[in-house]
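The chain contents come next:
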Amino acid sequence: MNQTLSLLVENKSGVLARIAGLFSARGYNIESLSVAKTDDPTLSHITMVVDLEPRIVEHLLKLLDKMIDVISVANLSGGKMVERELVLLKVRVDPAQRMEILKEAELFRARVIDVGSDSYIFEATGDTEKIEAFIDLFRKYTIEEVARTGAVAMSRGLTSPHRVTATGRSK
Amino acid sequence: MSMKGARIFVECLLRENVEVIFGIPGGVVLSIYDELYDAPIKHVLMRHEQAAAHAADGYARASGKVGVCLATSGPGATNLVTGIVTAHMDSVPLVVFTGNVPTHLIGNDAFQEADIVGITRPCTKHNYLVRRTEDLPRVIKEAFYIASTGRPGPVLVDMPKDLLLSEAEFSYPETVSLRGYRPVVEADRRQIEAAARALMEAKRPVVYAGGGVITSGASAELLEVAELAEIPVTTTLMGIGGFPTVHRLSLGMLGMHGTWYANTAISHADLLFAIGVRFDDRVTGKLEEFAAEAKKIHVEIDPSEINKNVPVDLPILGDAKAVLQQLKPYLIEMRAKMPPEWHDERRAWITQIERWKREHPLCYDDDEEVIKPQRLIEEISRATRGDAIISVDVGQHQMWAAQFYRFKRPRTWLSSSGLGTMGFGFPAAIGAQMARPDQLVVAIVGDGGFQMTMQELATVAEHRLPVKVVIVNNAYLGMVRQWQQIFFNGRYSAVDLSLSPDFARLAEAFGIVGYRVTRPAALADTIEEAFSIPGPVVLDVHVAPEENVYPMVPPGASIKEMIEGQYKSPKTFQLT
Ligand SMILES: Cc1ncc(C[n+]2csc(CCOP(=O)(O)OP(=O)(O)O)c2C)c(N)n1
Ligand SMILES: [Mg+2]
C-alpha cells in the first residue's frame, strides 16, 4: 500500500544520498520523491511515496529521524492530508485532432504550455489518481513524453508535524 | 587569530582533550603531520590503517573516551573502512579523519582520490566533507559531540588538502547547535514505575543486559537493581563486564554460545528486562521462540531499536544508567512492602536456576597431553585475577574467552561483536594499552585472525607497549572448521592453518619476546612468567586442534535447542 512520507531536512549536500541509501540498502524502491527548499532556504521539504508494509515504514521513519540532517519526519497516510502532483505531457497532434485533444485536456483543467507544429505540451495538477487518469486519457494518441513531479503533500489544518524552532523541532 | 587549516585541526583536537591519535601519513595530510611534529598530542604510527581504526576503537572501548584516527586520501581512507564498520556495529565513539585531494580535483579521478564520504555514508553515525577552512572548528566540534552522545558511533571528517593549507580565523565554538539531533532523552516516570512494579511482581524475571550498560556506565546500578529485585542477569557478548561473571545472580552470556542456564532461564522467564540490547539474531535464535512466555520491557536510548525485531510490552526510551537510577527508589519502596511469599517465590526461581547451573555447567575434558583452549583461558583468568583488559579476536577463542574468563568490571572486555571482524583483537589491544598504560592488557587471538593484523607487532615493539598477545593456536580457522564438522559432514574446506609461521620466532624478529607452549604442564608457569615481563610478549599456545565450542544453538534454531558437548570426565567452570 502506498504511503506518503513527509520530511523536513537540512538543505545541504549529501542529505538526499543518505536518505535514499536507507531504502536502497534494503532493496526498497521509492515510488516518488519530491524535494525543494522551503520558505526557510536552509530547510528542504521532502515528500516521498513508498509502497511498503506499515511495520517496515514505521522502522524506516525511526531510522530517518535518527539522521542528523533530518529534522522531522511524519507518515501522512492515515491522517488527513492533501496531496498534489504536477505532470507535463507532450502529445503528438495531427492537424485534424487539434480541437478534439484540446477538449479532452479541458476536462482535466490542463493547460497548454507549449504549442509546436505537431505537438502540445499540457500541464495538469491533481492527486496521483487524477494524474494517472489524465495520462491514460492520452494513450489513444501518441504520447511523446511524460514528466511528473511526484507527489507533494501536507497534513490538513494547523496540525503540521514539522514545527521548527531555532533549537530543533517541537512536537 | 588567523592560522592554517592544519594548525586549526591540531588546535581543535587539543580543545577536545585528544591525547593520542592512531594513523599513517600520506600526501594530502602532510601539512597535518608537519603540525603534529611538535604538537603535544601523541601520534601512534600504525602499520595499516585498518589497525589504526581498530586501535582508536580499542582506546574508546577501554576508556569510554572518543577514539581518534587519521589517514590519507584514497587507499589510506579505504583501508579504514573495516574498522569504521566494526565501530559502527558496536556503537563505539570514533572520530575518523581523512585527507582528500584538493577541492578542485574532487570528482576528477585524481591521484589517490576516493569518495570516502560516499563509501562510509551507511556505516558512520554521521560524516562530513569539509568545504571551507573556516568550517573546520564547527565540524570537528560537532563530530566529537555526535560521536560521543546518545547512542555513540563513528563520525568521519574528510578534509580536502587545500583546506588544510589555506588560512582562516580560528575560534573554537563553545556549544553545538544541531536542530536535527537531540540525543538526550528523559525516560517517562510512569513507565519507570510500571517497570518497577512488573519487576517486583514477576515470578520468573530475567535481566538481559547489553553493551548499552557498558556505554552508559551503568554496571554499578545494574548490580544494585538486580540485588534489590533479586533478579538473575545474563549479558550479551557486548555486555560482558557489565555484570560480574562470578555472582549468585550471574547467568553468564546468552545466545548462540551462551550458557545452557542463561538460555534456559530466558525460555522460562515470565518477564524479560532488556536493557541496552538490540535483540540480535545471534542472541535470540528463532525469534518467535525467544523468551516466548515473557512480558518484555526494553530500556533503550535509540528509538529505532525498539520493536525492531521483537515486539515489546513496555518500551522505555532513555539512558541505561539514568533509568536504573530512577528505578531504584521504586524498587526499594516496593520491596519493603512485599509479603513473605514474595521472598519464597524469588527463592524458588533462583534455586531453580542454581540447579540448572549445577546440572548444565560450562565444562570441558581437560587433558594432560594437550592444552585445552578452555584451560588456557582459565589459566589466563587465574593469572590476571580477572583484572586484565581482555581484547579478543573473532572465532572459537573469542567464545571460550567470553565463557571462561571471570570478568569483574566494565570496559575490560573488547570484542568485535556485531561485525565479527577478524584482525580486531590485537590492534584494539594496542589502543586499550594507550588508554590504560598501567593496566595489564591481554590480546587473546586466533592463529587465523592474528595473521590479519600481526604487522602491528612493529607498532608495539616501537612503543614498547606491554601488550601480551596470547595466540590460541589450533592450527585451524577453528570456528569455520567447527561448522564444517557439524553442518558439512566434516569436509574441512580451506580451514587448515598448519603451515603458519612459528609465531614466537616471528615475534623475536620484531624484537619482542616470544614463547611457544605445547605442554599443559608448562602452561601456568609460562603465563606467569610472560605476564611479568614489562614489555610486549607473544605467547604462541598450541591447543587441541579439534575442540569445539559448546553449548551451541544451531543457526535459525530456538535457543531452547542447544547442542551440548559430550565429555568423558568434565571439568566444570566454577561460578564461585
Ligand atoms: C575478516 C573476516 N574474515 C572471515 C571471517 C569468518 N570467520 C569467522 S571465525 C573464522 C575463523 C577464525 O580462525 P582463528 O582466528 O584461527 O580463530 P579460531 O576460531 O580458530 O579460534 C573465520 C574465517 C571473519 N569473521 N572475519
Ligand atoms: Mg584458529
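Residues numbered from 1 in each chain as written. Chains lettered and ligands numbered in written order. Predicted model: local features only at pLDDT ≥ 70, side-chain atom pairs only at ≥ 80, totals over all residues. Heavy atoms only, no water.

### Here we look at the domain arrangement of chain B
Residue and element names in this part refer to chain B.
Then, in step 1: When its domains are assigned, chain B resolves into domain 1 (2–169), domain 2 (189–359) and domain 3 (368–543).
Then, in step 2: Taking only C-alpha atoms into account, the centre of domain 1 sits 38 Å from that of domain 2.
Then, in step 3: The interface of domain 1 with domain 2 comprises 6 residues on the first partner and 6 residues on the second.
Then, in step 4: One can count 2 salt bridges joining domain 1 with domain 2.
Then, in step 5: We note a salt bridge from E305 to R151, for which the minimum N-O separation is 2.9 Å. (Domains from an automatic or database assignment. Contact = heavy atoms within 4.5 Å. Salt bridge = Lys/Arg side-chain N within 4 Å of Asp/Glu carboxyl O.)

### Describing unusual backbone geometry
All names here are of chain B.
Then, in step 1: P551 follows Y550 through a cis peptide bond whose omega is -5°.
Then, in step 2: Mapped onto the elements, P551 comes out in the loop between β21 (537–542) and β22 (571–572).
Then, in step 3: Even without a glycine there, the phi angle at S91 is positive, about 55°.
Then, in step 4: Tracing the chain through its elements places S91 in the loop between α5 (81–89) and β5 (94–100). (Helix = DSSP H or I, 4+ residues; strand = E, 2+ residues; numbered from the N terminus.)

### A few points about the sheet that holds β5 of chain B
Residue and element names in this part refer to chain B.
Then, in step 1: Strand order in the open sheet formed by 6 strands is β3-β2-β4-β5-β7-β6, with parallel pairing between adjacent strands. The open sheet terminates on both sides in strands that have one partner only, identified here as β3 (42–45) and β6 (126–129). Neighbour-to-neighbour, the strand axes of the sheet open up by a mean angle of 20°, direction not taken into account.
Then, in step 2: With 4 bridges connecting them, β6 and strand β7 (residues 154–160) associate as parallel partners. Looking across to β7, one finds that L129 is bridged to D158. (Pairing = 2+ DSSP bridges. Axes fitted to C-alpha atoms, helices over the stretch in contact; angles between N-to-C directions.)

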